[in-house]
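Topology and contacts: notes
Each chain is listed here by its residues.
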Amino acid sequence: PAAAACAPLLGHLFYTACAEGHSARALLDTLGSVLFRRLPAQIFLVFALVEIAAGRRHATVWNGGLPGCVVLRPQAPPVHLGSRSLPLGLQAAGPAADEGVFVELAAGDRLCLFSDGVSEIANAAGEALGEEAAARMLQQCGGDPAAFVAALVGYQGHDRFRDDLTIAALEI
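These numbers were taken from a predicted model, which means no experiment stands behind them.

**Focus on the pattern of salt bridges**
Inspection of the entire model under this criterion finds three salt bridges. Salt-bridge contacts for Asp-29 lead to Arg-25; the nearest nitrogen and oxygen are separated by 3.2 Å. Highlighted residues: Asp-29 and Arg-25, both in helix H2 (residues 24–38), separated by four residues, approximately one helical turn. Here Asp-29 falls in the partly exposed class, since its relative accessible area comes to 29%.

The following block contains the structure:
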């Protein structure tokens, strides 16, 4: 409910900052400041912001509380880009500049993000999938979100998820 209530405000701030040519860092500072002032103390917003450079050869990823942020590369293990920032709304500014993770990219790479609803899926024995196993499963699915959801259904044995699932894949 809190995320839904914030969506119009966040959308407005995001599109305004983009139209005015603000950097990703400035956008995060604005979002952090506004949410800190407007949200109740126990409410926060996990986030990931990906800034892909012109030429698509590198990106900076800010991750505040999302479990799944990985780069999938052909014939290589997944590269985990862990959360290094606090969620937005817990401090008066956005994440510090050094909390963004710089990653080199190449043609064929996929930058994938998924929410905790994915990593917390449990099988019939009650074992949570976990972040690393979810990343391996995503790689086995070629980074395809639809195939990944089908694999998640297979892992838990049914298609009724307890939490929402958010999956994004950016192909380079």
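Once you've had a look at it, read on.
**What to know about the nonpolar core**
Core analysis: the largest hydrophobic core is formed by 16 residues, its most contacted members being Leu-10, Leu-31, Leu-35, Leu-49, Trp-62 and Leu-88. The set of elements that each furnish at least two residues to this core consists of helix H1 (2–19), H2 and strand S1 (47–52). Of the residues forming this core, the biggest block, six residues, is contributed by H2. The next biggest cluster of nonpolar side chains, apart from the first, holds 13 residues, and it includes Phe-114, Leu-129, Leu-138 and Phe-148.

**Some words on the environment of Gly-130**
Its place among the elements puts Gly-130 in the loop between helix H3 (116–119) and helix H4 (131–140). Judged by relative accessible area, which is 24%, Gly-130 ranks as partly exposed. C-alpha separation for the pair Gly-130 and Glu-120, spaced 10 residues apart in sequence, amounts to 6.2 Å.

**Some thoughts on the packing of aromatic side chains**
A complete count under the given rule lists two aromatic pairs for this structure. Here Phe-14 and Tyr-15 contribute two aromatic rings whose centre-to-centre distance is 5.2 Å and whose plane-to-plane angle is 85°, an arrangement assigned as edge-to-face. Tyr-15 gets classed as exposed once you look at its relative accessible area, which sits at 59%. Ring plane angle 55° and centroid distance 6.0 Å describe the contact between Phe-114 and Phe-148, whose orientation is recorded as tilted. One end of the pair, Phe-114, is in strand S6 (residues 110–114); the other, Phe-148, is in helix H5 (residues 145–156), and 34 residues separate them in sequence.

**So, the packing of H4 against H5**
The geometry of H4 relative to H5 is characterised by a closest axis approach of 9 Å and an angle of 130° between their N-to-C directions. When the interaxial angle is binned, H4 and H5 end up oblique. Considering the relative orientation of H4 and H5, their crossing is right-handed. Two secondary-structure elements touch here, H4 through Ala-134, Met-137 and Leu-138 and H5 through Phe-148, Ala-151, Leu-152 and Tyr-155. Partitioned by chemical class, the residues of the contact of H4 with H5 number seven nonpolar, no polar and no charged.

**Regarding the sheet that holds strand S2 (residues 58–64)**
Taken in spatial order, the three strands make up an open sheet running S1-S2-S5, and their pairing is antiparallel. Two strands lie at the open edges of the sheet, namely S1 and strand S5 (101–104), each paired on one side alone. Each strand of the sheet is rotated relative to its neighbour by a mean of 25°, with strand direction disregarded. Examined bridge by bridge, S1 and S2 share six bridges and lie antiparallel to one another. Its bridge partner being in S2, Ile-52 is matched across the sheet by Ala-59. Each of S1 and S2 touches H2; the most contacted strand, S1, lies at about 160° to it.

**Considering a negative patch on the surface**
Taken together, the side chains of Asp-116, Glu-120, Asp-163 and Asp-164 make up a negatively charged region of the molecular surface. With respect to the element layout, Asp-116 can be found in helix H3.

Procedures and definitions
Residues numbered from 1 in each chain as written. Predicted model: local features only at pLDDT ≥ 70, side-chain atom pairs only at ≥ 80, totals over all residues. Heavy atoms only, no water. Salt bridge = Lys/Arg side-chain N within 4 Å of Asp/Glu carboxyl O. Helix = DSSP H or I, 4+ residues; strand = E, 2+ residues; numbered from the N terminus. Buried < 20%, exposed > 50% of the residue type's maximum accessible area, 1.4 Å probe, protein only. Core = buried A, V, L, I, M, F, W, Y, C linked by side-chain atoms within 4.5 Å. Phe/Tyr/Trp six-rings, centres within 6.5 Å; stacked < 30°, edge-to-face > 60°. Axes fitted to C-alpha atoms, helices over the stretch in contact; angles between N-to-C directions. Parallel < 35°, antiparallel > 145°, perpendicular 65-115°, else oblique. Left-handed = near helix turned anticlockwise from the far one by under 90°. Contact = heavy atoms within 4.5 Å. Nonpolar A, V, L, I, M, F, W, Y, C, P; charged D, E, K, R; others polar. Pairing = 2+ DSSP bridges. Patch = residues over 30% accessible without salt bridge, like charges linked within 9 Å, V, L, I, M, F, W, Y side chains within 5 Å. Areas by Shrake-Rupley, 256 points an atom, 1.4 Å probe, with all protein chains shown as cover. Lys, Arg positive; Asp, Glu negative; His and termini not counted. Charge placed at Lys NZ, Arg CZ, Asp CG, Glu CD.

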